[in-house]
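Report on the structure
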Amino acid sequence: MDPHPTRTLAGLSLRDLEYAQAVSELRHFGQAAERCGVSQPALSEQIRKLEALLGVALFERTKRRVAPTAAGATLLAQIERVMAEARHLLALSHGQPSVMAGTVALGAIETLGPYYLPGILRLLRAERPALSLRLTEARTAPLIERLVSGALDLALLAMPVPRAGLVAAPLFFEPFLLATPPGHVLAALPRLTLDDLPAEDLLLLEDGHCLRDQALALCNAKPVTRRATSLETLWQMIAAGEGYSLLPALAVAARPDLHDLVLCQTLADADAGRTIALVWRASDPRDPAFRALASLFAALRPAVTLPAPGT
């Protein structure tokens, strides 16, 4: 690679930065090309030209993986900020419409996204056909960081949101269900409360998941000795008779195939659950459109959820 390329703004294309951002997020040139609506050879060629212009290899490429290089990671973080400002510029130039159009980057916590986002996509196809979503799933902390930096426009998070400068519009209350193997002692109780739950069999997600923190708070921080890396692993551990846990209602509704192996019961406690909110930066000029979108999501909430407290 030429160590002294000609570096001018004339050679820097926002479209090329968009390609690099897509590869960084998807870690796959083919999928990035599909998202950007170009052929893979065309995207790869533009990435090579961008690397030549910057004088840095952005990605390490092998047959099995694509990953940012150490130097590339710093530049890709800046590319995210540049693209966020470019989208901000377009939003300002088009005023503040109450009905959104174009592409919006939406993030969701991992314990919600797989079970809620498919319904959101169907809803938007019917109600907002001019709006396209670029979806991301992660844990709460990285989603908030990406939202604050501008890499995300919106995020679906569990309240409260521990960061200043963000607006949170409650959408719905998602109950937690008690999930046990069919033969578990709790399965025989006619009425269950959080106080009935024993400490020794409680299974939760590993550190960093907001669902873990919410469950511990509801269960008065009972000691947990076994942890799962994902909600799907938690399902399988319960099905194998390893213990019990609290599962979000949308996740339970999405897995009818496991209902013979995992018994899910309603808890008598009204606060056993979490409030899901649509969150965005308070400084974003699209605030009216985001509020209209949140109202749509709240009005057409999933059947297994309840209205958000105070709405």
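See the structure shown above.
Our subject in this report is the structure included herewith.

What counts, and at which threshold
Residues numbered from 1 in each chain as written. Predicted model: local features only at pLDDT ≥ 70, side-chain atom pairs only at ≥ 80, totals over all residues. Heavy atoms only, no water. Helix = DSSP H or I, 4+ residues; strand = E, 2+ residues; numbered from the N terminus. Expected span 1.5 Å × (residues − 1). Buried < 20%, exposed > 50% of the residue type's maximum accessible area, 1.4 Å probe, protein only. Contact = heavy atoms within 4.5 Å. Pairing = 2+ DSSP bridges.

**Remarks on helix α10 (residues 287–299)**
Its 13 residues place the ends of α10 18 Å apart at the C-alpha level, agreeing with the 18 Å of an ideal helix rising 1.5 Å per residue. Every buried residue belonging to α10 is among D287, A289, F290, L293, A294, L296 and F297, and all of these are buried. Residues of α10 that are buried in the fold lie against α5 (113–127), β4 (131–138), β5 (154–158), β6 (166–180) and β11 (273–281).

**Examining the environment of A138**
Considering the arrangement of structural elements, one finds A138 in strand β4. Note: C-alpha distance between A138 and F297 (159 residues apart in sequence) is 20 Å. With sequence-adjacent residues up to four places away left out, A138 is seen in contact with A108, I109, E110 and L143.

**Observations concerning the side chain of T140**
Inspection of the secondary structure assignment puts T140 in helix α6 (residues 140–149). Discounting chain neighbours no more than four positions away, the residues touching T140 are I109, L157 and C210.

**Some details on the pairing of β11**
Most of β11 is tucked away: nine of the nine residues are buried. Bridge count for β5 against β11 is four bridges, and the pairing is antiparallel. The residue bridging L156 from the neighbouring strand is L278, located in β11. Sheet topology places β6 next to β11; nine bridges connect them, and they run antiparallel. Pairing of F173 across the sheet is with T275, part of β11.

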